[in-house]
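# Breakdown of the fold
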Amino acid sequence: MGVNMIKKIISVGIIGMLVFAMGCSSPKIEEKKNLWQELADEEISNRKGAQVQGLERVNLYPFYDEYTGYYGYMNDKAETVVEATLTAAGDFYYGVDWATAYDANGEVVYIDKDGEVIPSNSDLWGFEYPIDGLVRFSDNGLLYGVKDSEGNVILEAIYEYIKIYSGGCIGFGEDNKYGVMDKMGNEIIPAQYDEIYELYDVFIVAEGARYGVYHKDGNQVFPVEYIDYAPINEDRIALQDKTEKYAIYDLKGNAITGHDYDKIVGRNSSNMVQASKEDKWGYMTPDGKVIIDFQYEYISLTEDPHYALITQDKKQGLLSSTGELLIEPKYTEISLTFDEEKNLKKDRYMVSFHGENQIIDGAGEVVTDNLPSGFLYYMDDKILTYDKDNNYLILDTKGNEIVTISNFVYEQKYGIDNDGFLGSSGGYIVDCDTGERVNNEYYDSVTGYPEFNRLVAVKGEDFIIMDGELNMLSEHRIQQACYREPMVTVYGEELIKVQENDVRIKWYNSAGEIIK
């Protein structure tokens, strides 16, 4: 078995789209190619920056004291930070610095990231936390109001619907009509709309089949007369008017382009906008500058934005930001693979040609043809597929059979990495090189946590903790029978939460020892 068995989870996607040969290169074409490469580099940089910044989890976890019947909070060392005096305790979530709990008197309290217990001065039905100093409350679970962090009532609990938005705006609803107030409870958008959506510093409102836009200060930016909208980024939006054509606007109400586009697809924060003009697809910037000419039946950037799948004459191909046609537009389907940083792997492609599944190399030469017609996935040095009899096949890159696993049902399985498979909704762990079961245990469920090099298998009342090489670290039986399968979640190599039922929470290390 290979190292770190759970590092890679197989994701499947036979992607269909396409290409067209580029003609002689003019200065204008070169400028567009350079712009595409520049924007793709920028998007990759932004993506990596977002990954580095990430969302950190607060180092506090609820625990249950079975001797007192109360809850508290601990850190990842199982050290008590908030004493077990709470009758209920909610989780912290990524990017949220508050958790909600109930004290011994049944009053709602907030737990901040430092473990301080803060009275909410609010009666809630269900766990909630403040947003910009405001929180929803209810006296009976049917009608809602709003209080501030000091407990002052901003809105009495007389509304059927309340939603706190960022910036201190308050969405409210009566008789299935919705509006918005400011943080002081003053109406800034009347409650006359069927739906309201928050988008950066504006609200999209819907009335019947028409859309409009309000700024969060209550000023109407666009009247409610547009057929459709597509978010582009924090300062741009596409709107479809009565001519059924789209245009790009800034969120101050200024037109950036004319209503010249059949369709604009909002990718929300992208610097490259997919659009259709006169039934041909291309890409432009949020300012309307053409990046890829509108000449394709369809075009879509891949996970690596330096490349686009294009369709021409109902055939698919692959285009590079350098203008190079990597795959001729002659295939009915193309499947691409990417590395962990989402860079395109250009040494092998899986394609469908005249009803046959093939693997071609980076030069377009056929490496393997006549592959089985079932699902195909190419990963590193293996081809994963199954035949019409539901036998699961593992082939090498030349199409030679490595192993056949009989009676394999793909929908109930998922991959670990090159070396093993296991059942997500019940099944065995299987060595992909030999087709042999790693053991003879049939598990009710198995979940991998590659970031912590851990895998948890549940079998009846037992849960088994394994490392990345599928070595069993511990096997533990739930002491008291549960009315349902216990929920086991890994938060760290030595921090494993077991929710035995709706009340009991226990924390284990990888040796199966209870640490809290």
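Above this note sits the structure.
About the cut-offs
- Residues numbered from 1 in each chain as written.
- Predicted model: local features only at pLDDT ≥ 70, side-chain atom pairs only at ≥ 80, totals over all residues.
- Heavy atoms only, no water.
- Helix = DSSP H or I, 4+ residues; strand = E, 2+ residues; numbered from the N terminus.
- Contact = heavy atoms within 4.5 Å.
- Areas by Shrake-Rupley, 256 points an atom, 1.4 Å probe, with all protein chains shown as cover.
- Phe/Tyr/Trp six-rings, centres within 6.5 Å; stacked < 30°, edge-to-face > 60°.
- Buried < 20%, exposed > 50% of the residue type's maximum accessible area, 1.4 Å probe, protein only.
- Core = buried A, V, L, I, M, F, W, Y, C linked by side-chain atoms within 4.5 Å.
- Pairing = 2+ DSSP bridges.
- Axes fitted to C-alpha atoms, helices over the stretch in contact; angles between N-to-C directions.
- Salt bridge = Lys/Arg side-chain N within 4 Å of Asp/Glu carboxyl O.
- Lys, Arg positive; Asp, Glu negative; His and termini not counted.
- Polar contact = N/O pair within 3.5 Å; in protein donor to acceptor, adjacent residues only side chain to side chain.

Below, the discussion takes up the overall build of the protein chain. Within the protein chain, the secondary structure is distributed over one helix and 47 strands. Long-range contacts, defined as pairs at least 24 residues apart, comprise 33% of the intrachain contacts of the protein chain with a sequence gap of at least 6. A total of about 25,000 Å² of accessible surface is found on the protein chain, and carbon and sulfur atoms cover 45% of it.

As enumerated under the stated definition, the model contains 19 aromatic pairs in all. Ring plane angle 65° and centroid distance 5.9 Å describe the contact between Y193 and Y214, whose orientation is recorded as edge-to-face. Residue Y193 is located in strand β14 (residues 187–193), and its partner Y214 is located in strand β17 (residues 210–215); the two are separated by 21 residues in the primary sequence. For Y193, a relative accessible area of 2% gives the class buried.

Ranked by internal contacts, the top residues of the largest apolar core, which has 22 residues, are Y73, M74, L86, F92, I111 and W507. Of all the elements in the fold, those that place two or more residues in this core are β1 (61–65), β2 (70–74), β3 (80–86), β5 (98–102), β6 (108–112) and β47 (505–508).

Once that is clear, we can look at the pairing of β2. Counting buried residues along β2, four of its five residues qualify, which places the element largely inside the surrounding structure. If you look at the hairpin formed by β1 and β2, you'll find four residues sitting between the two strands, and G69 has a positive phi there, around 80°. Examined bridge by bridge, β2 and β3 share three bridges and lie antiparallel to one another. Counterpart to Y71 in the pairing with β3 is L86. Here β2 hands over to β3 after five residues, with A78 in that stretch at a positive phi of 65°.

By the element assignment, I164 lies in strand β11 (residues 161–164). Residues I164 and R136 lie 28 residues apart in sequence; the distance between their C-alpha atoms is 7.2 Å. Setting aside chain neighbours within four positions, we find I164 in contact with I131, L134, R136, V146, C169 and I170.

For the rest of this paragraph, the subject is the sheet that holds strand β8 (residues 134–138). The antiparallel open sheet is built from three strands, whose spatial order is β8-β9-β10. Strands at the two margins of the open sheet, each flanked by one partner only, are β8 and β10 (153–159). The sheet shows a mean angle of 25° between the axes of neighbouring strands, direction not considered. The pairing of β8 with strand β9 (residues 144–148) spans five bridges and is antiparallel. Residue L134 lies in a different strand from β9, and its bridge partner there is D148.

Consecutive residues of a regular strand have side chains that alternate between opposite faces of the sheet. Most of strand β43 (residues 462–467) is tucked away, with six of its six residues classed as buried. Of the two faces of β43, both are covered, the one formed by D462, I464 and M466 as well as the one formed by F463, I465 and D467. Sheet topology places strand β42 (residues 454–459) next to β43; six bridges connect them, and they run antiparallel. Across the sheet, V456 pairs through a bridge with I465, a residue of β43. Linking two consecutive strands that pair antiparallel, namely β42 and β43, is a turn of two residues; a positive phi of about 60° is found at G460 within it. The pairing of β43 with strand β44 (residues 472–477) spans five bridges and is antiparallel.

What follows covers the pattern of salt bridges. For the structure on display, the rule yields nine salt bridges. Note that R236 and D235 form a salt bridge whose closest N and O atoms lie 2.4 Å from each other. What makes R236 buried here is its relative accessible area of 12%. On the accessibility criterion, D235 (33% relative accessible area) is partly exposed.

To continue, consider unusual backbone geometry. A positive phi angle is found at E278, which is not glycine, with a value near 50°. Within the element layout of this structure, E278 appears in the loop between β23 (273–277) and β24 (280–284). Given a relative accessible area of 67%, E278 falls into the exposed group. Here D313, not a glycine, exhibits a phi torsion of approximately 55°, which is positive.

In this section: the environment of V290. Looking at the element boundaries, V290 is found in strand β25 (residues 290–296). For the pair V290 and W36, spaced 254 residues apart in the sequence, the C-alpha separation amounts to 9.4 Å.

With that settled, consider the side chain of D467. Topologically, D467 is positioned in strand β43. R454 provides the closest opposite charge to the buried, unpaired D467, separated from it by 5.8 Å. Within the structure, the side chain of D467 is placed 2.9 Å from the backbone nitrogen of N471, a separation counted as a polar contact. Excluding its chain neighbours within four sequence positions, the residues that come into contact with D467 are N453, R454 and L473.

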